[in-house]
Amino acid sequence: MTGRRVDRAAVVLGAAALLGSLFAFSTGGPAPVDLIHVRGAGLIVIVAMGVLAVLGGMLRRRVLVIVAGAGLALAAVIQLLQTGQPVNWLGGDGSTLAFMGGLGIGLLAVSLARRSDTTATDGKAHQ
């Protein structure tokens, strides 16, 4: 059962990435509306890794979730190094960094968590 919970968590985190990509359609309005700046290549990375995480969770493929988490974490590091610099490949800022970093670390934590196949009724591990 724990394996299914972990897979559901990967699907939810991937869906959060996909929903967060909708901030690309914000017009840069007031601060309460424009929470995350998602632009350019950062949008492509977030959508691609979100789709990969959802597929990994639905297909119960841990490696896909690891790749999605590592991709988002790497993108966050790249954004960190380029924030405030003339070259900004992902076109983001601190909000983009936090969004990608949080999702990446969350996906890595979920995908690297130990999976046991216990049931709630007997509490014994099935092998």
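Model, not experiment: these values are computed from the prediction. (Residues numbered from 1 in each chain as written. Predicted model: local features only at pLDDT ≥ 70, side-chain atom pairs only at ≥ 80, totals over all residues. Heavy atoms only, no water.)

Moving on, we get to the overall build of the protein chain. Of regular secondary structure, the protein chain possesses four helices and zero strands. Reading the helices (α) and strands (β) of the protein chain from amino to carboxyl end gives α-α-α-α. Taking all 127 residues of the protein chain together, the buried fraction comes to 32%. Taking the contacts inside the protein chain whose residues are at least 6 apart along the sequence as the reference set, 64% of them involve residues at least 24 apart. When the accessible surface of the protein chain is totalled, it reaches about 7,300 Å², and 70% of it is carbon and sulfur. (Helix = DSSP H or I, 4+ residues; strand = E, 2+ residues; numbered from the N terminus. Buried < 20%, exposed > 50% of the residue type's maximum accessible area, 1.4 Å probe, protein only. Contact = heavy atoms within 4.5 Å. Areas by Shrake-Rupley, 256 points an atom, 1.4 Å probe, with all protein chains shown as cover.)

Now for the packing of helix H3 (residues 62-82) against helix H4 (residues 94-112). For the pair H3 and H4, the least separation of the axes is 7 Å and the interaxial angle reads 150°. As judged from the angle between their axes, H3 and H4 are roughly antiparallel. The two elements H3 and H4 meet at a crossing, and its hand is left-handed. Along the contact surface, H3 presents Arg62, Val65, Ile66, Ala68, Gly69, Ala70, Leu72, Ala73, Ala75, Ala76, Gln79 and Leu80, while H4 presents Leu97, Met100, Gly101, Leu103, Gly104, Leu107, Leu108, Ser111 and Leu112. (Axes fitted to C-alpha atoms, helices over the stretch in contact; angles between N-to-C directions. Parallel < 35°, antiparallel > 145°, perpendicular 65-115°, else oblique. Left-handed = near helix turned anticlockwise from the far one by under 90°.)

Glancing now at the nonpolar core. Ile46, Leu72, Met100 and Leu107 are the most contacted members of the largest nonpolar core, which totals 19 residues. Those elements that provide at least two residues to this core are helix H1 (2-20), helix H2 (40-59), H3 and H4. What Ile46 contacts, discounting residues up to four positions off in sequence, is Ala17, Ser21, Val38, Leu72, Phe99 and Met100. (Core = buried A, V, L, I, M, F, W, Y, C linked by side-chain atoms within 4.5 Å.)

Among the structural elements, Ser95 can be located in helix H4. Side-chain polar atoms of Ser95 contact the side chain of Asp93, separated by 2.6 Å. Not counting residues up to four positions away in its chain, the partners in contact with Ser95 are Leu35, Ile36 and His37. (Polar contact = N/O pair within 3.5 Å; in protein donor to acceptor, adjacent residues only side chain to side chain.)

Quick look at the environment of Gly71 now. As for its position among the elements, Gly71 is in helix H3. Remark: the alpha-carbon pair of Gly71 and Gly101, spanning 30 residues in sequence, is separated by 9.7 Å.

Further remarks concern the confidence of the model for the protein chain. Mean pLDDT over the protein chain works out to 84, with 81% of the residues at or above the 70 mark. Highest mean pLDDT in the protein chain belongs to H3 (95); lowest belongs to H1 (89). (pLDDT = per-residue confidence, 0-100.)

We now examine H2. Helix length check: H2, at 20 residues, gives a terminal C-alpha distance of 29 Å against a target of 28 Å (1.5 Å per residue), a fit within 8%. Residues of H2 that are buried include every one of Gly42, Ile46, Met49, Gly50, Ala53, Val54, Gly56 and Gly57, and no others. Mapping the buried residues of H2 onto a view down its axis gives an arc of 160°, with all of them on the same face. Projecting away from the buried face of H2 at angles above 90 degrees are the exposed residues Gly40, Ile44, Met58 and Leu59. Once H2 finishes, Arg60 follows within two positions and takes phi at roughly 60°, a positive value. (Expected span 1.5 Å × (residues − 1). Arc of directions from axis to C-beta.)

Assignment of secondary structure puts Gly92 in the loop between H3 and H4. Ignoring sequence-local partners within four residues, the contact set of Gly92 consists of His37 and Gln79.

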